[in-house]
Amino acid sequence: MQVKYLHTMVRVLDLEKSMEFFRLLGLEETRRTESEKGRFTLVFMAPPGQPECPVELTYNWDGDEGLPSDSRHFGHLAYAVEDIYDMCARLQAAGVTINRPPRDGHMAFVRSPDNISIELLQMGDALPPAEPWASMPNTGHW
């Protein structure tokens, strides 16, 4: 039996705000479906050159009273990044809270506008500990 990964779907409350967050991570829109009958929009976003690894943002036009709720039951999305310090600085400059700073030069966690936990992992070996990250405390949970 062969199995192929297709995508991870997450529901979002504000499509544009959520898309902007995933753009900050470096993802690009790869496909979009609008359903007038179903009253929803699906936007698939993936890292450049990796269209086979999308996240599907599902936006219900009539809203979703359960959002944003604590999505810990979902787990998290994980992305490898070239420079974890640079990515965290870029996200922080855009107003994103770094919930678990990359104190170890290897791993960080942030949350999307819809409270989705996102794990960032340094590609290859961990970077040497560096400030302000090395002494930064956790904020909230991930």
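- As recorded in an unreviewed UniProt entry, the protein goes by the name Lactoylglutathione lyase, listed as coming from Cereibacter azotoformans.

1. Some thoughts on helix H2 (residues 84-93)
Part 1 of the argument: Considered for burial, the residues of H2 that qualify are Ile 84, Tyr 85, Met 87, Cys 88 and Leu 91. All buried residues of H2 fall inside an arc of 165° around its axis, so they share one side.
Part 2 of the argument: The secondary structure elements touched by the buried residues of H2 are helix H1 (15-24), strand S5 (77-81), strand S6 (98-100), strand S7 (107-111) and strand S8 (117-122).
Part 3 of the argument: Of the residues that open H2, the one with a side-chain oxygen 3.0 Å from the backbone nitrogen of Tyr 85 is Asp 83.
Part 4 of the argument: Remark: Gly 95 follows H2 within two positions and exhibits a positive phi of approximately 95°.

2. Description of the nonpolar core
Part 1 of the argument: Counting 30 residues, the largest nonpolar core has Phe 22, Leu 25, Val 55, Leu 57, Leu 91, Ile 118 and Leu 120 as the members making the most contacts within it.
Part 2 of the argument: Of all the secondary-structure elements, those providing two or more residues to this core are strand S1 (8-12), H1, strand S3 (40-46), strand S4 (55-60), S5, H2, S7 and S8.
Part 3 of the argument: Formed jointly, this core draws a minimum of three residues from each of two domains, domain 1 (1-61) and domain 2 (74-135).
Part 4 of the argument: Discounting chain neighbours no more than four positions away, the residues touching Leu 120 are Leu 25, Tyr 79, Val 81, Ile 84, Met 87, Cys 88, Leu 91, His 106, Met 107 and Ala 108.

3. Focus on the packing of aromatic side chains
Part 1 of the argument: For the structure on display, the rule yields one aromatic pair.
Part 2 of the argument: Relative to Phe 22, the ring of Phe 21 lies with its centre 5.3 Å away and its plane at 85°, an arrangement referred to as edge-to-face.
Part 3 of the argument: One cation-aromatic arrangement involves Arg 31 over Phe 44; the distance from NZ or CZ to the ring centre is 3.8 Å.

4. Overview of the pattern of salt bridges
Part 1 of the argument: Inspection of the entire model under this criterion finds five salt bridges.
Part 2 of the argument: For Glu 29, the salt bridge identified is with Arg 32, shortest N-O distance 2.9 Å.
Part 3 of the argument: Overall, the relative accessible area of 37% leaves Glu 29 in the partly exposed class.
Part 4 of the argument: Looking at Arg 32, the relative accessible area reads 35%, which means it is partly exposed.
Part 5 of the argument: Salt-bridge contacts for Glu 34 lead to Arg 32; the nearest nitrogen and oxygen are separated by 3.5 Å.
Part 6 of the argument: A relative accessible area of 47% means that Glu 34 is categorised as partly exposed.
Part 7 of the argument: Connected via shared salt-bridge partners are Glu 29, Arg 32 and Glu 34.

Reading guide: rules and limits
Residues numbered from 1 in each chain as written. Predicted model: local features only at pLDDT ≥ 70, side-chain atom pairs only at ≥ 80, totals over all residues. Heavy atoms only, no water. Buried < 20%, exposed > 50% of the residue type's maximum accessible area, 1.4 Å probe, protein only. Helix = DSSP H or I, 4+ residues; strand = E, 2+ residues; numbered from the N terminus. Arc of directions from axis to C-beta. Contact = heavy atoms within 4.5 Å. Polar contact = N/O pair within 3.5 Å; in protein donor to acceptor, adjacent residues only side chain to side chain. Core = buried A, V, L, I, M, F, W, Y, C linked by side-chain atoms within 4.5 Å. Domains from an automatic or database assignment. Phe/Tyr/Trp six-rings, centres within 6.5 Å; stacked < 30°, edge-to-face > 60°. Lys NZ or Arg CZ within 6 Å of the ring centre and 35° of its normal. Salt bridge = Lys/Arg side-chain N within 4 Å of Asp/Glu carboxyl O.

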